[in-house]
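Each chain is listed here by its residues.
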Amino acid sequence: MKTRFLAGLALLTTPLAASEPVMFCERPLTAQPIAENTWMVEGLREELSTSNCGHIGNQAFIATPNGTILIDSGSSPHFGEALKTLIAQHSSHPVRWVLNTHHHPDHFFGNAAFDEAEHLTLASTRALMARDREALIDNIERLTGRNLARSHIALPDTIEAGEVTLGSYPLMLYAMSGHSGGDLVIMDHSTDVLFLGDMGFYQRAAATAHSPGLQQWQEELNELRGLNARIAVPGHGPSAPPETVFDQTAHYLAWLDQHLSDVANEGLGANHALAVEIPDAFNTIALTKYEFTRSVVQLYPRYEARLLWGTPQ
Ligand SMILES: [Zn+2]
């Protein structure tokens, strides 16, 4: 009884005031409150580089009576340590669960800093993590110029989609695949916050390298529109009303899909696909030119193959 009382009291007590800003890569790392007991940490709207040390993806955390739930952990154990310090400034409960939304390294390489927590993701995501782990570590090390403690990059355990209760805190998990082949989307009905992982990009262009198909991605976004969330946390870019995030991501994906189809239908090569003026509507989005070029290189061969051989994209 006493223990329960103390546990309840602890949640209501503001954690020790932050005396020092938490620094990462010579910048202050900050958490923005987005709902009751819920914060997000926004990554820089940049590509991986030595100057951002890999802090490009978003993280979010929910303080619950039985422990803090962390959604994604950043791109290195070193970042995870800074994130852990930041979380302790906002929540009096240590992180007890880490949910990883997908297998891209900017979303789960920080897990090592949360050794005492359970690390959880979808089975589809875990399989992709196992497949790509070594290549992803090489990629992060090359682009950020930092060595990772390679052996510390472990794979999470698996969790099934559906209603789950972490401690006493209920969440609804959705298994999707439009962005990466294994995408966990998390709905918190207590606060009506929807954590999209990289199913949603906002004010930062969508990365499409591992998408099983741009149309599938759009169909899954349409399914998520039915959830009536109040606020959405994308994998990259600021939080916003869900419709705003869905509209921007879907609009860009629809344009990209149509453009690649049109060029393939004309029998033209990838150079022609690259030589297009990107619509003004997308020019305010960070990294549009960069991601568009990557998308053409990575996806265009599929559009050509589909036209020639009728293979699915
Ligand atoms: Zn990402």
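- An unreviewed UniProt entry lists the protein chain under the name MBL fold metallo-hydrolase, with Vreelandella boliviensis LC1 as the source organism.
- In its Sequence similarities (unreviewed entry) section, the UniProt entry covering the protein chain states "Belongs to the metallo-beta-lactamase superfamily. Class-B beta-lactamase family."

**Looking at the coordination of the zinc ion**
1) Next: Binding of the zinc ion to the protein goes through D106 (OD), H107 (NE2), D198 (OD) and H236 (NE2), at separations of 2.0 to 2.5 Å.
2) Next: If you look at the zinc ion, its four donor atoms make angles of 84 to 170° with each other, and the shape they trace is irregular.
3) Next: Considered as a linear motif, the donors of the zinc ion on their single chain read D-H-x90-D-x37-H. Linking D106 in helix 3 (residues 105-108) with D198 in strand 13 (residues 193-201), this pair joins segments that are 92 residues apart in sequence. Like D106, the residue D198 is buried in the burial classification.

**Examining the pattern of salt bridges**
1) Next: Considering all chains together, one arrives at nine salt bridges under this definition.
2) Next: One salt bridge connects E47 with R204, and the closest N-O pair in it is separated by 3.1 Å. Here the residue E47 occupies a position in the loop between strand 4 (38-41) and strand 5 (59-64), and R204 occupies one in the loop between strand 13 and helix 5 (214-225), the gap between them amounting to 157 residues. Each member of the pair, E47 as well as R204, carries the same accessibility label: buried.

**Here we look at helix 5**
1) Next: End to end, helix 5 covers 17 Å across 12 residues, agreeing with the expected 16 Å (1.5 Å per residue, within 8%).
2) Next: Along helix 5, the residues classified as buried are L214, W217, Q218, E220, L221 and L224. End-on view of helix 5: buried residues confined to an arc of 160°, all on one side of the axis. Exposed and facing more than 90 degrees away from the buried side of helix 5 are E219 and E223.
3) Next: As for helix 5, its buried residues are in contact with strand 11 (169-176), strand 12 (183-188), strand 13, helix 6 (242-265) and helix 8 (288-309).

**Notes on the state of the cysteines**
1) Next: Inspection of the entire model under this criterion finds one disulfide.
2) Next: C25 shares a disulfide with C53; S-S distance 2.0 Å. Since a negative S-S torsion denotes a left-handed disulfide, the C25-C53 link at about 65° is right-handed. Taken together, the positions of C25 in the loop between strand 1 (22-24) and strand 2 (27-29) and C53 in the loop between strand 4 and strand 5 put the pair 28 residues apart, joining distant regions of the chain. Accessibility classification places C25 together with C53 in one group, the buried group.

**Thoughts on the sheet that holds strand 9 (residues 157-158)**
1) Next: The strand order across the open sheet built from seven strands is 3-4-5-6-7-8-9, with neighbouring strands paired in mixed fashion. Pairing within the sheet leaves two strands with one partner each, and these edge strands are strand 3 (32-35) and strand 9.
2) Next: Bridging between strand 3 and strand 4 involves three bridges; their strand directions are antiparallel. Among the inter-strand pairings, A35 is bridged to a residue of strand 4, identified as T38.
3) Next: Contacts from helix 4 (residues 123-144) reach strand 8 (118-121) and strand 9, with the element oriented near 100° to strand 8.

Reading the values: the criteria
- What you see as residue numbers is a count from 1 along each chain, following the sequence as written.
- It should be noted that, the model being predicted, local features are given only for residues of pLDDT at least 70 and side-chain atom pairs only at 80 or more, the latter also being counted only at that level, while totals for whole chains, interfaces and linings use all residues.
- Note: side-chain values were computed over all heavy atoms of the structure, leaving out hydrogens and water.
- UniProt positions are given in the numbering used here, feature names are shortened, and annotations may be inferred rather than shown by experiment.
- Note on donors: an N, O or S atom is included if it sits within 2.8 Å of the metal, or within 3.2 Å for Na, K and Ca, and water is never included, so sites can look incomplete.
- When four donors show all angles between 85 and 135 degrees the site is tetrahedral, when four or six donors have opposite pairs over 155 degrees and all other angles between 65 and 115 it is square planar or octahedral respectively, and in every other case it is irregular.
- Secondary structure is summarised from DSSP: a helix means a run of H or I of at least four residues, a strand means a run of E of at least two, and numbering begins at the N terminus for each.
- Buried means the residue's accessible area, taken with a 1.4 Å probe over protein chains only, is under 20% of the maximum for its type, while exposed means over 50%, and partly exposed covers the values in between.
- The rule for a salt bridge is simple: a side-chain nitrogen of Lys or Arg has to be within 4 Å of a carboxyl oxygen of Asp or Glu.
- Here the expected span of a helix is defined as 1.5 Å times the quantity of residues minus one.
- In this description, the arc belongs to the directions extending from the helix axis to the C-beta atoms.
- Residue contacts are defined here by distance: any two heavy atoms, one from each residue, within 4.5 Å place the two residues in contact.
- In this description, a disulfide is simply a cysteine sulfur pair whose atoms lie within 2.5 Å.
- We call two strands paired when DSSP finds no fewer than two bridges between them.
- Every axis in this analysis is a line fitted to C-alpha atoms, fitted for helices over the stretch in contact. Angles between the N-to-C directions lie between 0 and 180 degrees.

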